[in-house]
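# Structure at a glance
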Amino acid sequence: MKVAFCTQDMQHVDAHFGWAKNIVVYEVDKAGYTMVETCQFGGSMFEDGNEDKLIPKLDALADCAIVYLSAIGASAAARVVAKKIHPVKVEATETITALLDRLVETINGNPPPWLRKALNAGQPQELAFDEED
């Protein structure tokens, strides 16, 4: 699954979703993680009420299951959730690598139902039918 991180400094999740200069995307699975891409944003990101600034960010998250951020407004959160992306708010001191390590550990342990669902998205589902006589 793909996981995104809103960051200003490329090392910490230190950005509000609407104000993030960068969104870094990783591919995460039971074996670990790999950086996939970095999306950079400029322009009028600091204008409150400017909903158009969210469009490129939502596009960058198109196939992500989770986005880590330090804050997100109600309108942006609704738009992220509507795209079936799980926003996770963390302290701005959290490093991206620490969060990735913790996520891999959780995946290999007992992930919560929402995370199991995200992991299985796009996977062929096996249906178990009891044999009837």
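See the structure shown above.
Since this is a predicted model, take the numbers as computed values, not measurements. (Residues numbered from 1 in each chain as written. Predicted model: local features only at pLDDT ≥ 70, side-chain atom pairs only at ≥ 80, totals over all residues. Heavy atoms only, no water.)

### Description of unusual backbone geometry
At Met10, a residue that is not glycine, the phi angle is positive and equals roughly 70°. With respect to the secondary-structure elements, Met10 resides in the loop between β1 (2-7) and β2 (22-29). Exposure remark for Met10: the relative accessible area of 35% places this residue in the partly exposed category. (Helix = DSSP H or I, 4+ residues; strand = E, 2+ residues; numbered from the N terminus. Buried < 20%, exposed > 50% of the residue type's maximum accessible area, 1.4 Å probe, protein only.)

### Considerations on the sheet that holds strand β3 (residues 32-40)
Spatial strand order, β3-β2-β1-β4-β5: five strands in an open sheet with mixed pairing. Both outer strands of the open sheet, β3 and β5 (86-89), are each paired with one neighbouring strand and no more. Across the sheet, the mean angle from the axis of one strand to that of its neighbour is 25°, orientation sign disregarded. Relative to strand β4 (residues 64-69), β1 is paired through four bridges, and the arrangement is parallel. (Pairing = 2+ DSSP bridges. Axes fitted to C-alpha atoms, helices over the stretch in contact; angles between N-to-C directions.)

### Description of the pairing of β1
Across the six residues of β1, six count as buried, placing the element largely inside the fold. Burial of β1 is two-sided: the residues Lys2, Ala4 and Cys6 facing one way and the residues Val3, Phe5 and Thr7 facing the other way are all buried. Pairing of β1 with β2 involves six bridges; the strand directions are antiparallel. Each residue of the ladder has a partner; that of Phe5, found in β2, is Val24.

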